[in-house]
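One letter stands for each residue in the lines below.
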Amino acid sequence: MDVYHEGARALQDRLGVRDTADHVGRMVGEGVRPVAAAFLELQPLLVLGAADPAAGRVWASPLTGAPGFVRATDPHHMSVTGAVRPDDPLARASATLGTPVGTIALDPRTRRRMRLNGRLRPTARGFAVTAEKVFSNCPKYIQRRHSYEMVDGRTPGRPRVGTELTDRQREFITAADTFFLATVGPGGVEVSHRGGNPGFVRSASPRELAWRDYPGNNMFLTLGNIEADPRAGLLFLDWTTGTTLQLTGEARTVFGPDGERGVRFTAGEAVETETALPLRWSAPEYSPANPPRSD
């Protein structure tokens, strides 16, 4: 299996980490191991990333359910019970056979995460994904949240769609300690996690966001995709109220004079949905790996 494409290799070579990336890349497989299957069945949240088949825009969408709503039916297939909401930007993609998708299951309780990418197949109860790439990431930059509850009676509000961020949405973003990032490239769709202390994402204008790219595993799967295709989708969520903010647009990697990496994102559309998720998590315990905020 070819783990890296030219976009990822270009960044690895620029930063002199190709050998490290090759070593880390050995953890990527095509099947779901028993320990990963057990992890999936404990999760109440899965983030799905894909490009809308009609418009081509890339989005990241959250899916929730009682533990067991996501499970590995065999080493090469993941089943999700429950459809993407009809008003979600990825509703069409989740109903289209063969859609390339990326997923991530992140557990704040254990600070573990698992990614599974492949091709989607609609089912009578939701959808399934044929796995093409499966791997776990280190716990860096994941905020620990010790517990959650499913809030009875919480129903999603009507999505508010705009082409620019409101002042309140910009405040929501700059207060966030976590977001999810969907990208597309020659190797398929990737959904990754980004975390840091509140303020690690900056909002320069109603359409512009920026954040530092903190040191990670040197694979550059996400930044490699951006190198090849600037389309990207962001998902911010309120871990207490369940409100979500989904953005689609274009991203680019920038390098400072000191070699520090960053990403700048230009939003083309924003979708805010109040009380979209029935989950209420406990207060965060920030990751010790988070760098201090730099203004």
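Use the structure listed above.
Because the structure is predicted, anything quoted here is derived from the model rather than measured.

1. Some remarks on the packing of helix α1 (residues 6-15) against helix α6 (residues 221-228)
Inference 1: It is the contact of α1 with α6, at a shortest axis distance of 7 Å, that shows an interaxial angle of 115°. Here α1 lies roughly perpendicular to α6, going by the angle between them. Two packed elements cross with a definite hand, and for α1 against α6 that hand is right-handed. Contact residues: α1 offers G7, A8 and L11, while α6 offers L223, G224 and E227.
Inference 2: Of the residues contributing to the contact of α1 with α6, the split by class is three nonpolar, two polar and one charged.

2. Description of unusual backbone geometry
Inference 1: Positive phi outside glycine occurs at R111, with the angle close to 55°.
Inference 2: Note that R111 resides in the loop between β5 (100-107) and β6 (112-123).
Inference 3: We classify R111 as buried; its relative accessible area is 15%.
Inference 4: Of note, F220 is a non-glycine position whose phi angle comes to about 60°, a positive value.
Inference 5: For F220, the position within the fold is in the loop between β13 (208-212) and α6.

3. Section: α1
Every α-helix winds through 3.6 residues per turn, so residues three or four apart in the chain are directed the same way.
Inference 1: Within α1 the residues assigned to the buried category are G7, A8, R9, L11 and Q12.
Inference 2: Looking at the packing, one finds that the buried side of α1 touches α2 (18-25), α6 and β15 (244-255).
Inference 3: Within two residues after α1, G16 carries a phi angle of roughly 70°, on the positive side.

4. Some words on the sheet that holds β6
Inference 1: If you trace the seven strands from one edge of the open sheet to the other, you get β2-β1-β5-β6-β7-β4-β3, paired in antiparallel fashion. Lying at the two open borders of the sheet, with one neighbouring strand each, are β2 (58-64) and β3 (70-74). Geometrically, the sheet is characterised by an average inter-axis angle of 35° between neighbouring strands, direction not taken into account.
Inference 2: Across eight bridges, the pairing between β5 and β6 is antiparallel. Bridging across to β6, V101 finds its partner in G118.

5. Brief notes about the pairing of strand β12 (residues 201-205)
Inference 1: Sheet topology note: the β12/β13 ladder contains four bridges and is antiparallel. Note on β13: the bridge partner recorded for S205 is E208.

6. Section: the pattern of salt bridges
Inference 1: Summed over all chains, the structure comprises 19 salt bridges.
Inference 2: Note that R119 is salt-bridged to E132, the shortest N-O span being 3.9 Å. Of the two residues, R119 sits in strand β6 while E132 sits in strand β7 (residues 126-137), which places them 13 residues apart along the sequence.
Inference 3: Judged by its relative accessible area of 41%, R119 is partly exposed.
Inference 4: With a closest N to O distance of 3.9 Å, R144 and E285 form a salt bridge. In this pair, R144 is assigned in the loop between β7 and β8 (148-150) and E285 in the segment after β17 (279-281), connecting sequence segments 141 residues apart.
Inference 5: When salt bridges that share partners are traced, they join R160, R168, E272 and E274 into one network.

Conventions adopted
Residues numbered from 1 in each chain as written. Predicted model: local features only at pLDDT ≥ 70, side-chain atom pairs only at ≥ 80, totals over all residues. Heavy atoms only, no water. Axes fitted to C-alpha atoms, helices over the stretch in contact; angles between N-to-C directions. Helix = DSSP H or I, 4+ residues; strand = E, 2+ residues; numbered from the N terminus. Parallel < 35°, antiparallel > 145°, perpendicular 65-115°, else oblique. Left-handed = near helix turned anticlockwise from the far one by under 90°. Contact = heavy atoms within 4.5 Å. Nonpolar A, V, L, I, M, F, W, Y, C, P; charged D, E, K, R; others polar. Buried < 20%, exposed > 50% of the residue type's maximum accessible area, 1.4 Å probe, protein only. Pairing = 2+ DSSP bridges. Salt bridge = Lys/Arg side-chain N within 4 Å of Asp/Glu carboxyl O.

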